[in-house]
Amino acid sequence: MRLLVTGGAGYIGSHTIRQLIAAGHEVVVLDNFTAGHREALPEGVTAEEADLLDAARVGEIVTRHEPDAVIHFAALIEVGDSMRDPRRFYRNNVVGSMNLMDALLDAKQKRGKAVPVVFSSTAAVYGEPDHVPIPEDAAKRPTSVYGETKLATEKLLDAYDAAYGFPHMNLRYFNVCGAIEGGQIGEAHPNKTHLIELALLTALGQRPSMKIFGTDYPTPDGTCIRDYIHVVDLADAHVLAVQALQDGAPTTRYNVGLGHGFSVKEVLDAVDRVVGTPLKREIEGRRPGDPAVLVADSARIKADLGWTPRFTNLDHIIETAWAWHRGHPHGYAAD
């Protein structure tokens with residue numbers, strides 16, 4: 001298949017396009033390169049520099065490349081920023097997605113068939129869950145503007161499917177981490193907010209210490225528990241999803257996670273083991289809105305698509321991330 005991947009130069013996108021190419025697909029990347037990196041793209045991949053807010057440009061790219069399916073990553077993701085600047089997030093994440101869907105609708109009217117879409121959603125659509133592990137039919141109560149924009153895009157896709165016939169799969173993932181084996185590409189977000197990335201940058205001496213926000217949660221060691229999914233396992237889920245849609249699978253949504261979690265202390269202890277030097281830790285109070293436990297129920301994607309995570313050992317997950325950060329201490333800037 002010829003696949004259009006929006007945000008394909010980002011962290012998850014760049015790993016996914018490698019898995020797509022390995023599966024025999026042709027990939028066209030659409031990215032504005034504000035957070036993505038050209039250096040993360042494999043040699044020979046067609047890259048179109050464009051912003052989803054430029055509706056005419058998006059339409060031209062879709063018309064020219066005639067993709068068989070789309071994987072839609074491109075979005076702003078920083079939760080804190082979304083609360084400070086909701087207009088920017090709604091415009092980029094929701095209006096940008098609508099521009100993409102309008103381009104695909106125009107293409108459908110010309111070609112006579114719909115282009116299926118795999119959408120990069122998030123566990124943030126659930127907010128504070130009533131039960132864990134969290135099933136796909138759990139209540140949707142996002143506590144951030146970021147989560148609201150992802151849920152709004154899911155509803156947008158559902159509406160376009162109901163009215164115009166656009167099969168799609170929403171993949172809701174939890175805490176994405178790790179890097180491709182060998183460390184050629186990895187996590188290099190402009191704003192550093194992810195626990196494992198922050199811990200490894202601390203190990204490299206770029207941060208003075210690691211803060212632990214709350215040690216009095218109702219968990220075995222008192223710190224928050226999260227479901228960590230390796231980026232390559234997540235990329236595999238996208239490959240399976242786009243193939244299933246192409247084979248006629250119906251619209252649905254899937255959680256993508258390990259199905260069990262690790263606490264903040266467990267993650268930091270694993271980083272200590274992997275890097276060989278204990279991190280300096282500072283205990284702070286709880287952050288407002290941090291649930292004690294967030295863990296995915298991923299039984300549905302395993303049963304329907306045969307997805308099975310390969311990276312389940314926490315030390316191994318961190319070793320892959322450490323290989324990237326140690327070889328690229330300043331991300332792609334020094335390459």
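First things first, this report covers the structure right here in the doc. Model, not experiment: these values are computed from the prediction.

### Things to note about the overall build of the protein
Right, on to step 1. Summing up its helical and strand segments, the protein has 10 helices and 14 strands in all.
Right, on to step 2. Compactness check: the protein gives a C-alpha radius of gyration of 19 Å against a globular reference of 20 Å for 335 residues, within 12% of the reference.
Right, on to step 3. Taken along the three principal axes of its C-alpha coordinates, the protein extends 60 × 45 × 40 Å.
Right, on to step 4. Here the protein holds 335 residues, and 55% of them are scored as buried.
Right, on to step 5. Long-range pairs, those at least 24 residues apart, make up 77% of the contacts in the protein between residues at least 6 apart in sequence.
Right, on to step 6. Of the roughly 13900 Å² of accessible surface on the protein, 50% is carried by carbon and sulfur atoms.
Right, on to step 7. Across the protein, the mean location of the 33 positive side-chain charges is 2 Å away from that of the 44 negative side-chain charges.

### Notes on the side chain of serine 82
Right, on to step 1. Relative to the elements of secondary structure, serine 82 occurs in helix H3 (residues 79-84).
Right, on to step 2. At 2.6 Å, the side chain of serine 82 and the backbone oxygen of valine 79 are in polar contact.
Right, on to step 3. Residues in contact with serine 82, not counting those within four places in the same chain, are Phe89, Ser144, Val145 and Tyr146.

### Thoughts on the sheet that holds strand E9 (residues 225-226)
Right, on to step 1. Read from one edge of the open sheet, 3 strands run E12-E9-E14, paired in mixed fashion. Pairing within the sheet leaves two strands with one partner each, and these edge strands are strand E12 (262-263) and strand E14 (293-294).
Right, on to step 2. Inspection of the sheet shows E9 paired to E14 by 2 bridges, in the parallel sense. Residue pairing for E14: isoleucine 225 is matched across the bridge by valine 293.

### Quick notes on the nonpolar core
Right, on to step 1. Counting residues in each nonpolar core, the largest one holds 63 residues, and the members touching the most others are Leu171, Tyr173, Val256 and Ile318.
Right, on to step 2. Residue contributions to this core peak at 9 residues, all from helix H7 (residues 231-246).

### A short note on the pattern of salt bridges
Right, on to step 1. Tallied over the full model, the rule gives 20 salt bridges.
Right, on to step 2. In this structure, arginine 253 and aspartate 158 form a salt bridge, with 2.9 Å as the shortest nitrogen-oxygen distance. A residue pair is termed long-range when its members are at least 10 positions apart, and arginine 253 in strand E11 (residues 252-256) and aspartate 158 in helix H5 (residues 145-164) qualify at 95 residues.
Right, on to step 3. Judged by relative accessible area, arginine 253 falls into the buried class, the value being 19%.
Right, on to step 4. Here glutamate 284 and lysine 211 are joined by a salt bridge, their closest N and O atoms 3.3 Å apart. Taken together, the positions of glutamate 284 in strand E13 (residues 281-284) and lysine 211 in strand E8 (residues 210-213) put the pair 73 residues apart, joining distant regions of the chain.

### Details of the packing of helix H2 (residues 55-65) against helix H4 (residues 86-111)
Right, on to step 1. It is the contact of H2 with H4, at a shortest axis distance of 9 Å, that shows an interaxial angle of 40°. Classed by the angle they form, the pair H2 and H4 counts as oblique. With respect to the hand of their crossing, H2 and H4 are arranged in right-handed fashion. Between H2 and H4, the residues in contact are Ala55, Val58, Gly59, Val62 and Thr63 and Asn99, Leu100, Ala103, Leu104, Ala107 and Lys110, respectively.
Right, on to step 2. A breakdown of the residues in the contact of H2 with H4 according to their chemical character gives 7 nonpolar, 3 polar and 1 charged.

### Quick notes on the sheet that holds strand E5 (residues 117-122)
Right, on to step 1. Here we have 7 strands laid out as an open sheet, ordered E3-E2-E1-E4-E5-E6-E11, and parallel in their pairing. The sheet is open, and its two edges are formed by strand E3 (46-49) and E11, each paired on a single side. Strand-to-strand twist in this sheet, taken as the mean axis angle between neighbours without regard to direction, amounts to 20°.
Right, on to step 2. Here strand E1 (residues 2-6) runs beside strand E4 (residues 69-72); their pairing, made up of 4 bridges, is parallel.

### Observations concerning the environment of arginine 84
Right, on to step 1. Structurally, the position occupied by arginine 84 is in helix H3.
Right, on to step 2. Residue classification places arginine 84 among the exposed positions, given a relative accessible area of 64%.
Right, on to step 3. Along the sequence, arginine 84 and glutamate 66 sit 18 residues apart, while their C-alpha atoms lie 38 Å from each other.

Criteria and cut-off values
- Residues numbered from 1 in each chain as written.
- Predicted model: local features only at pLDDT ≥ 70, side-chain atom pairs only at ≥ 80, totals over all residues.
- Heavy atoms only, no water.
- Helix = DSSP H or I, 4+ residues; strand = E, 2+ residues; numbered from the N terminus.
- Rg over C-alpha atoms; globule rule 2.2 N^0.38 Å.
- Buried < 20%, exposed > 50% of the residue type's maximum accessible area, 1.4 Å probe, protein only.
- Contact = heavy atoms within 4.5 Å.
- Areas by Shrake-Rupley, 256 points an atom, 1.4 Å probe, with all protein chains shown as cover.
- Lys, Arg positive; Asp, Glu negative; His and termini not counted.
- Charge placed at Lys NZ, Arg CZ, Asp CG, Glu CD.
- Polar contact = N/O pair within 3.5 Å; in protein donor to acceptor, adjacent residues only side chain to side chain.
- Pairing = 2+ DSSP bridges.
- Core = buried A, V, L, I, M, F, W, Y, C linked by side-chain atoms within 4.5 Å.
- Salt bridge = Lys/Arg side-chain N within 4 Å of Asp/Glu carboxyl O.
- Axes fitted to C-alpha atoms, helices over the stretch in contact; angles between N-to-C directions.
- Parallel < 35°, antiparallel > 145°, perpendicular 65-115°, else oblique.
- Left-handed = near helix turned anticlockwise from the far one by under 90°.
- Nonpolar A, V, L, I, M, F, W, Y, C, P; charged D, E, K, R; others polar.

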